[in-house]
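# Fold and contact review
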Amino acid sequence: METPCVQEPVNTFCCPLGLPCCPATFTSTFPSLSEGTCWVLGFVLTSLFDESQMHLFLFSLVVLIYILAMAGNTTMVLLIWAEARLHTPMYFLLSQLSFLDIFFTSVTVPKMIVGFLFGWTSISFGGCGAQMFFFMFLGAAECLLLALMAYDRYVAICNPLHYPVLMSRRVCLLMVAASWLGGSLNASIQTSLTLQFPYCGSRKISHFFCEVPSLLTLACADTETYEQVLFVTGVVVLLVPITFITTSYALILVAVLRMHSVEGRQKALATCSSHLTVVNLFYGPLVYTYMLPATYHSPGQDNMVSVFYTVLTPMLNPVIYSLRNKEVTGAMKKVIARCGVCRNA
């Protein structure tokens, strides 16, 4: 007599005796899997916070950083849109960076907050795939956009006479479209390849969201070839833009050193230093996560590094660009003063 399946927090296929197993389509695709091998249709995410006395403080800190990230990036988008002085290619690209950050951090943090407050740590197979897709999509798009922002600085400093032509409105729109298209292509490849594997045994992902490296540890098929593909993709999405950025700033440095005006040097270096700071904060943790072999990783380290580029960096981006940019701070003071006048009228 067959024992009915016990209801789990997430869905699974069930074999006789209530054992989760692979359906026929998966056993034919992966002949090495036995009929009784588990194929998980849902997962359980681990909490970012342990049961120590500090967990409530750390949770509150992450929530505060998330709120500041949303507020800061939303303010940057609205400020650049509202202030005519900021309607330039550089600030248009910066507004797109803030726009990406708003959604990038929202892909993972709200789910983590809900899981901590209500214990809803389970996530369906489809939900995990969607989270993975949008995370990879927005992350890759931001990588490409940061590289294109370096090109903008290169043109502005090294070819100022041709800047209006090389960085026209049409070119800027094509740049943004290219970053979004590249991000969607990367996410489509990574997500489809990752989800093709059967996931068996434990349903517990040692991470607070569905990230490719953490998910692959649960696969019950050989993932070595795919990990090589993942490395190649990392080279294209991470190392190629880093090389492009490095080359752009090497040429910028040469041009700056040739400037006779001290004020011109300071202005160029101030603008470039903000972008370089953002690049280092974003690319560094991503290179660790997606380029280093699995032997260099541990769940605790991966969680902390992921928090850095999913929450902390998006919060710091508008701060770095606003505090170190006189045009942004001036525009912000102007908008605040304008609102004060309207309120008193």
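Being a predicted model, the structure only gives us computed values, none of them experimental.

## Quick notes on the nonpolar core
Within the largest apolar cluster, 90 residues are counted, with the highest numbers of intra-cluster contacts made by Phe43 and Tyr199. Tallying contributions element by element places helix α5 (residues 125-158) first for this core, with 18 residues.

## What about the pairing of strand β1 (residues 42-45)?
Inspection of the sheet shows β1 paired to strand β2 (residues 122-124) by 3 bridges, in the antiparallel sense. By the bridge assignment, phenylalanine 43 is partnered in β2 with isoleucine 123.

## Overview of the UniProt feature "transmembrane region" (unreviewed entry) in the protein chain
Under the UniProt annotation, the feature "transmembrane region" (unreviewed entry) is placed at residues 56-81, 93-120, 132-151, 171-189, 231-256, 268-291 and 303-323. For residues 56-81, helix accounts for 100% and strand for 0%, while the C-alpha atoms at its two ends are 38 Å apart. Between the first and last C-alpha atoms of residues 231-256 the distance is 36 Å; the span itself is 100% helix and 0% strand.

## Description of the side chain of threonine 233
Locating threonine 233 in the fold gives a position in helix α9 (residues 224-257). According to the relative accessible area criterion, threonine 233 is buried, its value standing at 17%. For threonine 233, the side chain forms a polar contact with the side chain of glutamine 190, separated by 3.1 Å. With residues up to four places along the chain from it excluded, the contact list for threonine 233 reads Asn186 and Gln190.

## A few points about the state of the cysteines
Under the criterion given, the structure shown has 1 disulfide. Between cysteine 128 and cysteine 210 runs a disulfide, and the two sulfur atoms are separated by 2.1 Å. Taking the torsion about the sulfur-sulfur bond, which here is approximately -125°, the covalent link between cysteine 128 and cysteine 210 counts as left-handed. A residue pair is termed long-range when its members are at least 10 positions apart, and cysteine 128 in helix α5 and cysteine 210 in the loop between β3 (204-205) and α8 (212-216) qualify at 82 residues. Relative accessible area serves as the criterion here: at 0%, cysteine 210 is assigned to the buried category. Cysteine cysteine 158 remains unbridged, with the sulfur of cysteine 272 as its closest cysteine sulfur at 8.7 Å. Residue cysteine 272 is classed as buried on the basis of its relative accessible area, which comes to 4%.

## A look at empty space enclosed by the protein
For the structure shown, the criterion picks out 2 cavities of 30 Å³ or more. Of the volumes computed, that of the largest cavity is approximately 180 Å³. Forming the boundary of the largest cavity are 16 residues, of which Met136, Asn186, Val237, Leu286 and Tyr290 lie nearest the centre. Listed by contribution, the elements that provide at least two residues to the lining of the largest cavity are α5, α7 (169-195), α9 and α10 (262-291). Looking at the lining of the largest cavity residue by residue, the class counts come to 11 nonpolar, 5 polar and no charged. Roughly 90 Å³ of internal volume is contained in the second largest cavity. What lines the second largest cavity is simply Met90, Tyr91, Leu94, Met149, Asp152, Arg153, Thr271, Ser274, His275, Tyr321 and Asn325. Residue assignment for the lining of the second largest cavity shows that the elements contributing at least two residues are α3 (89-106), α5 and α10.

## A word on the layout of surface pockets
One number sums up the size of the largest pocket: a volume of about 600 Å³. Along its surface, the largest pocket is lined by 20 residues, and Tyr91, Lys267, Ala268, Thr271 and Glu327 are the ones closest to its centre. Mapped by element, the contributors of at least two residues to the lining of the largest pocket are α3, α5, α10 and α12 (326-344). Of the residues forming the lining of the largest pocket, the biggest block, 7 residues, is contributed by α10. In terms of residue class, the lining of the largest pocket is made up of 9 nonpolar, 5 polar and 6 charged.

## A closer look at the packing of aromatic side chains
Taken as a whole and assessed by the stated rule, the structure comprises 18 aromatic pairs. Aromatic side chains phenylalanine 99 and phenylalanine 103 sit 5.0 Å apart centroid to centroid with 65° between the ring planes, which places their arrangement in the edge-to-face category. One end of the pair is phenylalanine 99 and the other is phenylalanine 103, both in helix α3 and 4 residues apart, which spans about a single turn. Relative accessible area serves as the criterion here: at 32%, phenylalanine 99 is assigned to the partly exposed category.

Each value, and the rule that gives it
Residues numbered from 1 in each chain as written. Predicted model: local features only at pLDDT ≥ 70, side-chain atom pairs only at ≥ 80, totals over all residues. Heavy atoms only, no water. Core = buried A, V, L, I, M, F, W, Y, C linked by side-chain atoms within 4.5 Å. Buried < 20%, exposed > 50% of the residue type's maximum accessible area, 1.4 Å probe, protein only. Helix = DSSP H or I, 4+ residues; strand = E, 2+ residues; numbered from the N terminus. Pairing = 2+ DSSP bridges. UniProt positions renumbered as here; feature names shortened; annotations may be inferred. Polar contact = N/O pair within 3.5 Å; in protein donor to acceptor, adjacent residues only side chain to side chain. Contact = heavy atoms within 4.5 Å. Disulfide = S-S within 2.5 Å. 1 Å grid on protein atoms, 1.4 Å probe; cavity = no way out; pocket = protein on both sides within 12 Å on 5 of 7 lines; lining within 4 Å. Points joined across faces, edges and corners; volume = space filled by probe spheres on them. Nonpolar A, V, L, I, M, F, W, Y, C, P; charged D, E, K, R; others polar. Phe/Tyr/Trp six-rings, centres within 6.5 Å; stacked < 30°, edge-to-face > 60°.

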